[in-house]
Amino acid sequence: MQNTLFLLCLLASPLALYASVRPYKHYRGSETAISTATPVPQYQKVGLDLCPTCIQFTGEAINELLNIILNLGVVGSCGKVCSALEQKTGSQALGLVCDLLCDYVGIDEFIKLIQKADLDPFYFCELIKICPIFDTGDATITQLSVTPASGPQGPKQIAVAYTSKNGTGTGEIIVGIQTVDGLPIETGFVHDAQPAGSYPLSLTLKAEPDPNCDPSQGFCEQWLPGNYSVTVDVCNGECGSAHPNSKVYDRKTTGFIITEN
């Protein structure tokens, strides 16, 4: 118990800042197309909630940590692993979180759980007992719309709402766009474990070419005229994960049209 309280005190200031300035998202296709116009629904807990920080850290670091553990062979200490992570990523914040979480469980357990999680940040944070497990939750998407539903290139608002009868576990909301030219655009947002209730979310979609996209570094979405589909998943744990405590609560799809300018 004393170790847990000590960890909470250590994490309170620097990691709260880390979580607030670098919210967890994962992208495929475009890093700027989808953003939150209103905050992702979160349950206002009393006291510290380290779960989102753990998920964000693991989402950014777990692949690098697996490679570091593989390359180091005999690891020896938390400091050795976390210093290597900081050097490889150039992030002092990641090194700090790594040190604190690793010291919390010990180097042997830390390595075992990183390997067991197999690139699933939600599962890792449940294994390390930072995130709660709640497998009897539910969610039903009650609204999914795009405004304007038809029009030229430009910003669009995606309205999402879901309800839960039993509450939800910690999970993610995935928003995916199927584009005319086949370039997939997908963004994920963490939602806390929540009590029963209704939860609205407003997103902004920049349905226009990104002037900062460098075609030499990858494909750039052109937002050509035509029909687009929007799919939203609300999940317990990581959407699509085969690990325990993971489930797609609900999925809904709608569409919009981009017309000639």
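About the criteria used
- Residues numbered from 1 in each chain as written.
- Predicted model: local features only at pLDDT ≥ 70, side-chain atom pairs only at ≥ 80, totals over all residues.
- Heavy atoms only, no water.
- Disulfide = S-S within 2.5 Å.
- Helix = DSSP H or I, 4+ residues; strand = E, 2+ residues; numbered from the N terminus.
- Buried < 20%, exposed > 50% of the residue type's maximum accessible area, 1.4 Å probe, protein only.
- Contact = heavy atoms within 4.5 Å.
- Phe/Tyr/Trp six-rings, centres within 6.5 Å; stacked < 30°, edge-to-face > 60°.
- Core = buried A, V, L, I, M, F, W, Y, C linked by side-chain atoms within 4.5 Å.

In this section: the state of the cysteines. Should the sulfur atoms of two cysteines be covalently bonded, the bond is a disulfide. Counted under the stated rule, the structure contains 6 disulfides. Note that C54 is cross-linked by a disulfide to C125, the S-S spacing being 2.1 Å. Measuring handedness by torsion sign, the sulfur bridge of C54 and C125 sits at about -100° and is left-handed. Within this pair, whereas C54 is found in helix α3 (residues 51-72), its partner C125 is found in helix α7 (residues 121-127), the two being separated by 71 residues in sequence. Both residues of the pair, C54 and C125, belong to the buried class. Disulfide pairing is shown between C235 and C239; the S-S distance is 2.0 Å. Between C235 and C239 the disulfide shows an S-S torsion of about 110°. By sign, it is right-handed. Both residues of the pair, C235 and C239, count as buried. Here the chain pairs its bonded cysteines, counted in sequence order, in the arrangement 1-8, 2-7, 3-6, 4-5, 9-10, 11-12.

Moving on, we get to the environment of C51. Here C51 is to be found in helix α3. With relative accessibility at 2%, the residue C51 sits in the buried group. Separated by 79 residues in the primary sequence, C51 and I130 place their C-alpha atoms 5.5 Å from one another. Excluding its chain neighbours within four sequence positions, the residues that come into contact with C51 are I130, C131, P132 and T170.

So, on to the packing of aromatic side chains. Applying the stated criterion across every chain, the model contains 4 aromatic pairs. Ring centres of F110 and F124 lie 6.0 Å apart, and the angle between their planes is 85°; on these two criteria the pair is classed as edge-to-face. Placement of the pair is F110 in helix α6 (residues 107-117) and F124 in helix α7, with a sequence separation of 14 residues. Judged by relative accessible area, F124 falls into the buried class, the value being 0%. Three or more aromatic residues joined by ring pairs make a cluster, and in this case those are W223, Y228 and F256.

Grouped together as the largest cluster of nonpolar side chains are 36 residues, with contacts concentrated most on F57, L65, L85, L101, F110 and F124. Counting residues per element, this core draws most heavily on α3, which supplies 9 residues. I173, L205, V230 and F256 belong to the second-largest nonpolar core, a separate cluster that totals 27 residues.

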